[in-house]
Amino acid sequence: MNFITINKPRKELLGSHQAWTWAGLVGLLVLKLAWQITLYRDGFLSVSADEFSRGIFAAQWAAAPRLDSLAEMSHAAWLPGEKYLNGLLFMFWPDYILAPRATAFLAGCLLLLAIFALARLLFPGRATPWLACLLLFCQPWYVWLSGTPMLDIYYLAALIGGLALLLAWLEHGQRGLWLAAGLALLLAGTFHVQGWLPLGLILLLHLPELIRLARQQKWERAGRLLAIYALAALLPLTLFLAGWVANGRPLSFLGEHTRYSLWFYGGYNVSDLEKLLYYPRLVWVNSHPLLWLLAAVGVGLLWRARAGRRVWLLPAIGLLTLLALSVLNLNSGPPSAAPGRYSLLYTATAALYAGYGGSRLLVRGLARRSSAGYAVVGLTAVLLAWLLIAGYRQAWQFPRATYGQAVAAGEALRPLLDAPDFAPGDRYLLEVVYWDFLAAQLAAGHHEAALFDRPFDLYNRDQPSVLILPPEALARELVAQRVRYALLRDPALKEQAAASGLLTAVIEVEGWTLYQVTITKSEGGKYEKNSSAGTRFPVSRAPRQCDLSSICSRPWVGTAGKKLTSCRPVAQEVKTMVGAATKEPWLSL
């Protein structure tokens, strides 16, 4: 059996009953949207702070868009794909929290459609694609990554979609599919370096097809397949060559990731066996055993049916990728940000084969029309229901951090920064609180105006804050840097700010306090609190706890799971109150 033919050729990628198919898929995506919104309202915001850092980069790029140079890409922490995607959206929709989540949700929808299309291409029967989609639909990491802009959901959507388009073109030969496949695989290579391994394996495992086309002198199709190779490998090869030319090390751009990972894990001084088993254990821990049981049944049935080689593409890609990551882990280090997300490639693959295994057991059991057959059907239905319910329940146990609190604090600050009297060059002081400060900075906007309260050192978070300076020295620093506001969370720093007499508390949002800098220069040349400025906020309203249940519009959640909301209406009230009290600038420069 050759590489291409597995099932009877289909004229349409989604099957012969397209109207019903599209209606069902639209219904599934609407259900997915409702679930994601419900999770979002219940407090699911992120799985890692990385997304906030990349959001800041995307917002800065949107303010001054340009293509990155090879040198910049070689030294950047991340590939530029997500920055361009979300940066373009920010130009039209500058909501730095919701907009990236919208693109992540769309990527999750595309991944679901790609799994459906692959199941149609690889397996017989109408039930398999639907069952595969349902099994993926309830996988916790699929649910979580569909609601937060981590790189994995973007590259997997493009990668699996590109593979489906490639296989459809090889089977059906429509001219437009080869170009769509090449562009999708090119896009997959721009999001995440981790995606380069399965991307390269897709190309490697299709070399026999390229050789076959050349031997049969089908030069047009061979040329198009070569064009797909060129598009897919364009960015990885370019960066490899750039690193090689620059310093003789093709993978030099991965150095900072490795250094930080080793530092994060305290040198990662564990046995080689433990390093080799890290990723297999990661996949096992982040997936349900029943998923692998049904996938093993599907693989066994395919093996028994002597299915064509193309059916084994995804298992081969998954196993070889897992092996490569395990070997690389010997001299590197495991991921430090939400490592469970790396399991999605493997659980998505398992969902395909579990869908086939489950559907075949149901169909064959019903076809036998015997007590044994009905027993198989009943047992399979119970296992599938158990797996779906377990995934659904686990998806609600999402990662919880304090990023929602930081986002609410940043959103309380943003209207003040948007005000006309916040001039270019004015700054706000932001306390470096682990990674939470990134969430506050992203939500506040005006990212060029952020000024950290201490030198930011990736490897040393115990740097002293500027707020510990004596009041006179602190006043000079605040005036020199044109600081208009401060956003603090540490109680000790808040006491320091109050003791200095230079900052007036405006509003408190879930543990964060927003301050207005109120400094004047006396006739003797000394800096001191401006008493008139300090009275602009009535004592009964400063500091003030946000009435999160009644005046805020967008839901968030704190670590305890209670609802935390956007404080834009409160911040607007503060801005109006300040503007009505005075027309002169708040700082005497």
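Above this text sits the structure in question.
Okay, so let's go over this structure. Quick caveat, the model's predicted, so the values are computed rather than measured. (Residues numbered from 1 in each chain as written. Predicted model: local features only at pLDDT ≥ 70, side-chain atom pairs only at ≥ 80, totals over all residues. Heavy atoms only, no water.)

With that settled, the discussion passes to the pairing of strand S1 (residues 427–430). Pairing of S1 with strand S3 (residues 483–488) involves four bridges; the strand directions are parallel. For Arg427, the partnering residue across the bridge sits in S3 and is Val483. Note: S1 against strand S2 (residues 450–452), three bridges, orientation parallel. Across the sheet, the residue bridging to Tyr428 is Ala450, located in S2. Of the crossover connections in this fold, the one passing from S1 over helix H20 (residues 436–444) to the parallel S2 is right-handed. (Pairing = 2+ DSSP bridges. Helix = DSSP H or I, 4+ residues; strand = E, 2+ residues; numbered from the N terminus. Right-handed = clockwise from strand over helix to strand, strands pointing away.)

This brings us to the packing of helix H5 (residues 98–122) against helix H6 (residues 127–137). The interhelical angle for the contact between H5 and H6, taken along N-to-C directions, is 150°, at an axis separation of 8 Å. Classified by chirality, the crossing of H6 by H5 is right-handed. Residues Leu111, Leu112, Ile115, Phe116, Ala119 and Arg120 of H5 pack against Thr128, Pro129, Trp130, Ala132, Cys133, Leu136 and Phe137 of H6. When grouped by side-chain class, the residues that make up the contact of H5 with H6 number eleven nonpolar, one polar and one charged. (Axes fitted to C-alpha atoms, helices over the stretch in contact; angles between N-to-C directions. Left-handed = near helix turned anticlockwise from the far one by under 90°. Contact = heavy atoms within 4.5 Å. Nonpolar A, V, L, I, M, F, W, Y, C, P; charged D, E, K, R; others polar.)

Extensive coverage of H6 is indicated by the burial of eight of its eleven residues. Residues Thr128, Pro129, Leu131, Ala132, Cys133, Leu135, Leu136 and Phe137 constitute the buried set of H6. (Buried < 20%, exposed > 50% of the residue type's maximum accessible area, 1.4 Å probe, protein only.)

Counting 101 residues, the largest nonpolar core has Leu111, Leu118, Phe123, Leu136, Ile153, Leu352 and Tyr353 as its most contacted members. The element that contributes the greatest number of residues to this core is helix H8 (residues 151–172), accounting for 16 residues. Residues in contact with Leu111, not counting those within four places in the same chain, are Leu136, Tyr142, Ile153, Leu156, Ala157, Ile160 and Leu344. One finds Phe52, Phe422, Trp435 and Leu438 within the second-largest nonpolar core, a separate group that totals 44 residues. (Core = buried A, V, L, I, M, F, W, Y, C linked by side-chain atoms within 4.5 Å.)

Before going further, it helps to examine the sheet that holds S3. Read across the sheet, five strands follow the order S2-S1-S3-S5-S4 without closing on themselves; strand pairing throughout is mixed. Both outer strands of the open sheet, S2 and strand S4 (503–509), are each paired with one neighbouring strand and no more. For this sheet, the mean angle separating the axes of adjacent strands, direction not counted, is 25°.

Take a nonpolar patch on the surface next. On the surface, a cluster of nonpolar side chains totalling about 490 Å² of accessible area is made up of Leu273, Leu276, Leu277, Leu320, Leu323 and Val327. For the nonpolar patch, the secondary-structure elements that each account for two or more residues are helix H14 (272–285) and helix H16 (313–328). Note that Leu320 resides in helix H16. Assessed through its relative accessible area of 37%, Leu320 is described here as partly exposed. (Patch = residues over 30% accessible without salt bridge, like charges linked within 9 Å, V, L, I, M, F, W, Y side chains within 5 Å. Areas by Shrake-Rupley, 256 points an atom, 1.4 Å probe, with all protein chains shown as cover. Salt bridge = Lys/Arg side-chain N within 4 Å of Asp/Glu carboxyl O.)

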